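# Survey of secondary and tertiary structure
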Amino acid sequence: PFNEHMLTDDNRVAYRQLRAGVVAWLSAQQISYVAPEPLPSLLYADASHPLTEGYRLLTEELARDGTFQAWQK
């Protein structure tokens with residue numbers, strides 16, 4: 001996920017609207033997806049690269065996700 005914490009308030013709103021539009025389109029097209037929420041700011045190295053702990057949390061979240069679990073079968 002993108003480090004939304006680095007965005008200005010206005011840009012964060014615009015980004016969230018864009019993200020919501022992508023999620024809505026994927027759902028409407030019945031395309032499976034996983035869209036994790038942003039990590040805490042301290043778990044990013046920069047705007048789009050998590051640190052080791054951030055990747056660990058993302059991996060744990062992905063492993064618990066029903067969509068991902070169904071894809072693995």
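Let me sum up the structure you'll find in this document. (Residues numbered from 1 in each chain as written. Predicted model: local features only at pLDDT ≥ 70, side-chain atom pairs only at ≥ 80, totals over all residues. Heavy atoms only, no water.)

## So, unusual backbone geometry
So the rule is basically this: The helix count covers DSSP runs of H or I at least four residues long, the strand count covers runs of E at least two residues long, and both are numbered beginning at the N terminus.
At Gln 30, a residue that is not glycine, the phi angle is positive and equals roughly 55°. Of note, Gln 30 is situated in the loop between helix H1 (9-28) and helix H2 (52-64).

## Describing the pattern of salt bridges
For clarity, the threshold we go by: Whenever a carboxyl oxygen of Asp or Glu lies within 4 Å of a side-chain nitrogen of Lys or Arg, that contact is scored as a salt bridge. The buried label applies to any residue whose accessible area, calculated with a 1.4 Å probe on protein chains only, is under 20% of its type's maximum; exposed applies above 50%, and partly exposed to all values in between.
A complete count under the given rule lists six salt bridges for this structure. Its salt-bridge partner being Asp 9, residue Arg 12 comes within 2.9 Å of it at the nearest N-O pair. Taken together, the residues Arg 12 and Asp 9, both in helix H1 and three residues apart, mark about one turn of the helix. Note on Arg 12: relative accessible area 26%, which makes it partly exposed. Residues Arg 16 and Glu 37 are paired through a salt bridge, measuring 2.9 Å at the closest nitrogen-oxygen approach. Of this pair, Arg 16 sits in helix H1 while Glu 37 sits in the loop between H1 and H2, and the two are 21 residues apart along the sequence.

## Some details on the environment of Leu 39
Here is the rule we go by: Residue contacts are defined here by distance: any two heavy atoms, one from each residue, within 4.5 Å place the two residues in contact.
With respect to the secondary-structure elements, Leu 39 resides in the loop between H1 and H2. Owing to a relative accessible area of 6%, Leu 39 belongs among the buried residues under this scheme. The sequence separation of Leu 39 and Gly 21 amounts to 18 residues, and the corresponding C-alpha distance is 20 Å. The residues contacting Leu 39, other than those within four sequence positions of it, are His 5, Tyr 44, Pro 50, Gly 54, Leu 57 and Leu 58.

## Focus: the packing of aromatic side chains
What counts, and what does not: Between rings of Phe, Tyr and Trp, where Trp is taken as its six-membered ring, a pair exists when centres lie within 6.5 Å; planes separated by under 30 degrees are stacked, by over 60 edge-to-face, and by other angles tilted.
Tallied over the entire structure, the rule returns two aromatic pairs. Between the aromatic rings of Phe 2 and Tyr 15, the centroid separation amounts to 5.3 Å while the plane-to-plane angle is 40°, which identifies the pairing as tilted. One end of the pair, Phe 2, is in the segment before H1; the other, Tyr 15, is in helix H1, and 13 residues separate them in sequence. On the basis of relative accessible area, Tyr 15 is assigned to the partly exposed category, the value being 23%.

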